[in-house]
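Structural description and commentary
The primary structure of each chain is shown beneath.
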Amino acid sequence: MGNKSAYERVLRVNGTEYRLWSLAALAGEFPDVNRLPYSLKILLENLLRHEDGETVTGEDIAFVATWRPDQPAEKEIAFQPARVLMQDFTGVPALVDLASMRDAIGRLGGNPAKVNPLVPAELVIDHSVQVDYFGIPEALTLNARLEFERNRERYAFLRWGQKAFRNFKVVPPDTGIVHQVNLEFLARVVFAEQRRGVIEAYPDTLVGTDSHTTMINGLGVLGWGVGGIEAEAALLGQPMPLLVPPVVGFRLVGRLRPGSTATDLVLTVTELLRRKGVVGKFVEFFGDGLACLSLADRATIANMAPEYGATCGYFPIDEETLRYLRLTGRAPEAVHLVEAYAKEQGLFYRADAPPARYSDLVELDLESVEPSLAGPSRPQDRVRLSEVPNAFRQALDTLLARPGKSSTPARAMQGEGGPVARSPATVTRTTAVSVSEPSAGMQEFDPERLPHGAVVIAAITSCTNTSNPSVLIAAGLLAQKAVARGLRTKPWVKTSLAPGSRVVSEYLRRAGLLDALETLRFHLVGYGCTTCIGNSGPLPEAVSRAIADRGLVAVAVLSGNRNFEGRIHPEVRANYLASPPLVVAYALAGRITIDWASEPIGLDTQGRPVYLRDIWPREEEIRAVADRYISSELFRKQYADIFAGGPEWQALPVPEGELYTWDEASTYVRRAPYFDGLTLQPPPVEDVRGARVLVFLGDSITTDHISPAGSIRADSPAGRYLIAHGVAPHDFNSYGARRGNHEVMIRGTFASTRLRNRLVPDREGGFTRHFPDGQVMTIFEAAERYRQEQVPLIVLAGKEYGSGSSRDWAAKGPALLGVRAVIAASFERIHRSNLVGMGIVPLQFDSGCDAQSLALSGEEVYCVSGLAALAQGPFQPGRKLHVTAESADGTRREFSVIARIDTPKELEYYRHGGILPYVLRRLMREDP
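Residues numbered from 1 in each chain as written. Predicted model: local features only at pLDDT ≥ 70, side-chain atom pairs only at ≥ 80, totals over all residues. Heavy atoms only, no water.

1. Brief notes about the overall build of the protein chain
- Within the protein chain, the regular secondary structure consists of 33 helices and 32 strands.
- Residue burial in the protein chain is summarised as follows: out of 928 residues, 62% are buried.
- For the protein chain, the distance from the average position of its 102 positive side-chain charges to the average position of its 108 negative side-chain charges is 1 Å. (Helix = DSSP H or I, 4+ residues; strand = E, 2+ residues; numbered from the N terminus. Buried < 20%, exposed > 50% of the residue type's maximum accessible area, 1.4 Å probe, protein only. Lys, Arg positive; Asp, Glu negative; His and termini not counted. Charge placed at Lys NZ, Arg CZ, Asp CG, Glu CD.)

In structure tokens, the structure reads:
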């Protein structure tokens, strides 16, 4: 190893020559390459193509080439994705950082135009639309209008970025869900890029700022979700540390029985893999059953990798992949390249080929999959459709014991938007579509007669299913049959249809199925994630009052991927995931307790009972509609001008020029402070002297405890900041919507209501004590006082510090609060890396010690010696530093810690104060 040019080959496809890095040539040296899982072959090609002797070495390549199924995940490699995918909530802060970097380069005398994403970056605006209006033909237009009113500042900033940055594209609002747009249009599968006069071909790989980025694994593209700091590093061309994972092989055999859907299949897969345990692992699907699954079925399974716990759920490229690329209107030459490249590189799946070697195996007979739901609060809790009524009744006591409204946002929602604050104006608009208003397609009902288990939300939403024509057409056909028999949805059900892309609504319209769905009040409400991320909007007033007054356990049924408590709607305590046709069926029934086998949904116009089996569509009916109305022409038409946007998007006022004109009055978008006072040469790193503990935490502190998330309280530091800047509480929106304003975000850091800081053991939430006076105050207020006193800060913590998602502000926030070091018993891998990326040194207690065994109170003054020498190098993994903690009475405790700066590249980041300053200085050194 050590000469990657030895593995360069030329691939000729239809008269065009492409350069590739040959896995077949590598297999001549390492025969085990031929039996690697397909997903690891993609990682191996990535290493081979990027070998430079420093970031990627021959040893790294040899390690993956000789990968053993039984080896633990302990070797870290540098993965360099081909592109980055973002949604609007997580993409705005990344763009803020790039725009701020341009300002800094300009101040230093450089060329701001040099700051651009170094790999293709695409952002799809899909997380901001909320279901305020529903059940009326104007719902789509009215919700879109509200979306623009709430997000005008953010959208104008994104539109500027679309014009100002090379390699950056924005898909405007009201287009589709990021993952479906990625599947139908953005994904290349194989890149063909002109470099130095040669066209290079290589696999399409990506990281995304949404956990369900994994949906693209269904198309043979390797990718997964990451936090904002990792995404920004990838945007700026920095390698991403990745442990070479175990790979679980999932063999599929047989075919789905009639009546079972892809939703039923994915709920079964999720249950199986959660039971198996696949956290931190790749799952790769193979077997004869693949031939019976459409690409959309595969994408449905791949989408829910976060729910079954895997890093990704990968389906290799095969004939179905090529069929789907042709169907979705990809250029013929691109499809030919995918086929030729995949076959040349051993990435093309054939059922008769010897299977890859896997770390473990799972098998599922598709024939065994039954109609199912998952709930009432976790996606892995599958319930057979026939058992749902009893399962709900068994769960009722537990559900009744919970408060009527969830005061704590569901975990892991910050990165996805989550529920926003409801303004009085919003409620007024929504109650215009009340359950007692006939013009809204509803009829009066007696709220006193609503039972426990009443379905109050029925939403066809989310990327999990709205990529899948079979279940969407099934929902439309079921609606059509129900309408023909005279059935209608119950008046207390809030219904909505939020397709994954405009292609979906178009083929439903062409097939005449959209009319039937709208007759049942499943009107289009928007093209976005809506209900699945908590943007379900307010319930009609009569329903909300009935839930509050009578303590009802109300139910939401949605075709989404997550149903955690408090996530879908704060007033709805039981949430069930279901296929789109079952969502329609439950809206007709109006309750979760119906026994579909013995109870009719209702009576037809002749007074005869109608059962679910009477209106359930047959497989051949679904296939006939799909074959007739879904065509490549439809995809080409809908995506022909996707980046242009509608009139409202185009009418947004956009600043001109390569530098953004920051609005000092803005409470949504502000210039990031990471480059304030930056010099061309990094100042020397100094040891930490005279530090105080800002927070003293126990074990299993997650990034949800650290990051700002959910709604903003008026009496919180962030709330007081917004009020001082003229924002009324009903217009606060959420932390997620304001991630482009660091002033809001740092005030919400460590402000979780679930945080337990040992410095204030009698209180929960974002409080601490300031020393030496011991005064109790908010963590933000204490950090500000320490800043004025020029006192550096540290965090003390226990085991597994920083696990969870929503990771970027879990590192950005502490850095801006003045934290120099985190001393913990152990760190979650990615958060540890993120701390380094923000200039915070992660220090691990040595020799099995921890804060408790060392009798630390957190009230001491701390000094950390050896940081200056560490930064000067050379790199030495596991370097030990010395810490002194001195109490007010003069007692000194001395102990050693391990500096968890684990790679030479991380040492460079730390020496420069983080990834962003490192990249900026590197750009300044390059030629103009």
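2. Concerning unusual backbone geometry
- Residue P376 is reached from G375 by a cis peptide bond, and omega for that bond is 15°.
- Note on placement: P376 falls in the loop between strand 16 (372-374) and strand 17 (382-384).
- Positive phi is not limited to glycine here, since R521 has a value of about 70°.
- With respect to the helices and strands, the residue R521 is situated in the loop between helix 18 (513-519) and helix 19 (541-550).
- Under the relative-accessibility criterion, R521 is labelled buried at 3%.
- The phi torsion at E800 lies on the positive side, around 55°, for a residue other than glycine.

3. Points about the sheet that holds strand 29 (residues 841-845)
- The strand order around the closed barrel built from seven strands is 24-27-28-29-32-31-30, with neighbouring strands paired in mixed fashion. When the angles between neighbouring strand axes are averaged without regard to direction, this sheet yields 35°.
- Strands strand 24 (688-696) and strand 27 (793-796) of the sheet are contacted by helix 28 (residues 779-788), whose axis makes an angle of about 170° with strand 24. (Pairing = 2+ DSSP bridges. Axes fitted to C-alpha atoms, helices over the stretch in contact; angles between N-to-C directions. Contact = heavy atoms within 4.5 Å.)

4. Re helix 32 (residues 904-912)
- Taken together, the buried positions of helix 32 are occupied by E906, L907, Y909, Y910 and H912.
- Structurally, helix 32 contributes buried residues whose contacts are with helix 30 (829-837), strand 29, helix 31 (867-872) and helix 33 (915-925).
- Phi for G913, located one or two positions after helix 32, is positive at around 90°.

5. Description of the pairing of strand 11 (residues 240-243)
- With burial as the criterion, only one face of strand 11 is covered, namely that bearing M240 and L242; the residues P241 and L243 on the opposite face remain uncovered.
- The pairing of strand 3 (residues 76-79) with strand 11 spans four bridges and is antiparallel. Looking at strand 11, one finds that F79 is bridged to M240.

6. Re the environment of I301
- In this fold, I301 is placed in helix 9 (residues 295-303).
- We classify I301 as buried; its relative accessible area is 0%.
- Along the sequence, I301 and T263 sit 38 residues apart, while their C-alpha atoms lie 8.3 Å from each other.
- If sequence neighbours within four positions are ignored, I301 has contacts with L265, V266, V269, F285, L293, Y308 and F315.

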